[in-house]
Amino acid sequence: MTLSKPSLPAYLDNIHIVLTRTSHPANIGSAARAMKTMGLHKLTLVAPNLMATPMTETPPPFDPQQPQSFTLPEESFILASGAADVLENARIVATLEEALADTTLSCALTSRRREITAPLQTPRQLVPELLQAAARGEQVALVFGNETFGMSIEEVQACNRLMTINGNPDYFSLNLAQAVQVVCYELFSQTDMPMTHLQQEDHAATHTQIKGMIDHMESLMHDVDFFRRRNSVRLMRRMQSLFGRANTQTEDIDILRGFFNTLKQNLKDKP
C-alpha cells in the first residue's frame, strides 16, 4: 500500500515573501525555489532593480508607473527550476507600502540593529506568532532587502517586527536566497507536517518466517561443517533471539534466504 502525501496547511497561502529592490535575477529565481520547497507560493517583488549578468546582459527595466508590465528574465526562471509558477504568479509593485497594505504582521529581515525600539528576534522565536496569525486568516509578510544594501531605515520602519538570522559574529554573509530558505524552513518546520510519506513501509517478519530462515541458516552451517567445535543448539538459539530483536523485515528474510540458496547451490556445484 502506498502512503498518501499529506496536504499542505491552507494557511500557508497567507504568508508572503517580499523581495524589495532585488538586483540579481538569479536570486529571485532561487528564492522562488526556496519558497516552494517549504510550501510557500506567494511572492511579491518591490521595484526590482536588476543588474546585468553574463546570462542577462540586458536586464528588463522597471517602470514604477506600470509595475505589472515588468517581466522577469529567463535567468530567474532557470534558477527557479520547478518553481516557475511562483514567478509567474508573483505580484509586482512599486513600493513596499503597497506590498504590505493588507498585512497585519510584517517582518523586516535585517542583521543590523536600527534606531527602532522593536525587539530583534530570530525566526524560531517569531514563527509561532506568524503561523498563528496566518491560521486566523491574517496576511503575513517577510521582507528581504537588496543584496548589497539590505533594507533601508524607511523599509524597516514600514514593518512591525524585526527578524534576524543569527550566525557567526566573525563572518556572517548569507546570500539572499539562502536567507529566504532559512526562514521558509523554520516556518515549515513549525507546521508539524508529518513525514509518513517519506518513510519506508514496515513489513515486519513473523515468528514463523524468522524461524524458517534460522532453520535454513542452520542447514547451511551444517553443510559447511560450521558446528565442528561449536554448540549448534546454543548458537541457533542466539540467532533466533538476535533476529527476533532486530525488527527483521520480510525483505530482510527474502535477501538472506536468497543468499543461502545461492551459497548452497555453489557448494553443490563445487567439484
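Scroll up a little and you will see the structure.
Given the structure is predicted, the values throughout are model-derived calculations rather than measurements.

Draft legend 1. Highlighting the pairing of strand β2 (residues 42–46). Within β2, four of the five residues are buried, which leaves the element mostly enclosed by the surrounding structure. Relative to β2, strand β1 (residues 15–20) is paired through five bridges, and the arrangement is parallel. Paired with Leu19 across the strands is Leu45, a residue of β2. Between the parallel elements β1 and β2, the chain passes through helix α1 (residues 25–37) in a crossover that is right-handed. Pairing analysis gives three bridges linking β2 to strand β3 (residues 91–93), with the strands arranged parallel. Along β3, the bridge assignment pairs Leu45 with Ile92.

Draft legend 2. Structural view of a positive patch on the surface. Residues Arg234, Arg237, Arg238 and Arg245 make up a contiguous surface patch of positive charge. Note that Arg245 resides in helix α9 (residues 232–245).

Draft legend 3. Expanded view of the sheet that holds β3. Here we have seven strands laid out as an open sheet, ordered β3-β2-β1-β6-β4-β7-β5, and parallel in their pairing. Lying at the two open borders of the sheet, with one neighbouring strand each, are β3 and β5 (120–121). Contacts from helix α5 (residues 123–135) reach β1, β4 (103–109), β5, β6 (139–144) and β7 (161–163) within the one sheet, and its direction differs from that of β7 by about 135°. Each of β1, β4, β6 and β7 touches helix α7 (residues 176–189); the most contacted strand, β6, lies at about 150° to it.

Draft legend 4. Highlighting the packing of aromatic side chains. Inspection of the entire model under this criterion finds three aromatic pairs. For the ring pair Phe62 and Phe70, a centre distance of 6.0 Å and an interplane angle of 70° mean the geometry is edge-to-face. In this pair, the class of Phe62 matches that of Phe70, namely buried. Seen from their ring centres, Phe259 and Phe260 are 6.0 Å apart, and the 55° between their planes marks the pair as tilted. Among the residues examined, Phe260 registers a relative accessible area of 6% and is labelled buried. Sitting above the plane of the Phe226 ring, Arg230 keeps its charged end 4.1 Å from the centroid.

The rules behind each value
- Residues numbered from 1 in each chain as written.
- Predicted model: local features only at pLDDT ≥ 70, side-chain atom pairs only at ≥ 80, totals over all residues.
- Heavy atoms only, no water.
- Buried < 20%, exposed > 50% of the residue type's maximum accessible area, 1.4 Å probe, protein only.
- Helix = DSSP H or I, 4+ residues; strand = E, 2+ residues; numbered from the N terminus.
- Pairing = 2+ DSSP bridges.
- Right-handed = clockwise from strand over helix to strand, strands pointing away.
- Patch = residues over 30% accessible without salt bridge, like charges linked within 9 Å, V, L, I, M, F, W, Y side chains within 5 Å.
- Areas by Shrake-Rupley, 256 points an atom, 1.4 Å probe, with all protein chains shown as cover.
- Salt bridge = Lys/Arg side-chain N within 4 Å of Asp/Glu carboxyl O.
- Lys, Arg positive; Asp, Glu negative; His and termini not counted.
- Charge placed at Lys NZ, Arg CZ, Asp CG, Glu CD.
- Contact = heavy atoms within 4.5 Å.
- Axes fitted to C-alpha atoms, helices over the stretch in contact; angles between N-to-C directions.
- Phe/Tyr/Trp six-rings, centres within 6.5 Å; stacked < 30°, edge-to-face > 60°.
- Lys NZ or Arg CZ within 6 Å of the ring centre and 35° of its normal.

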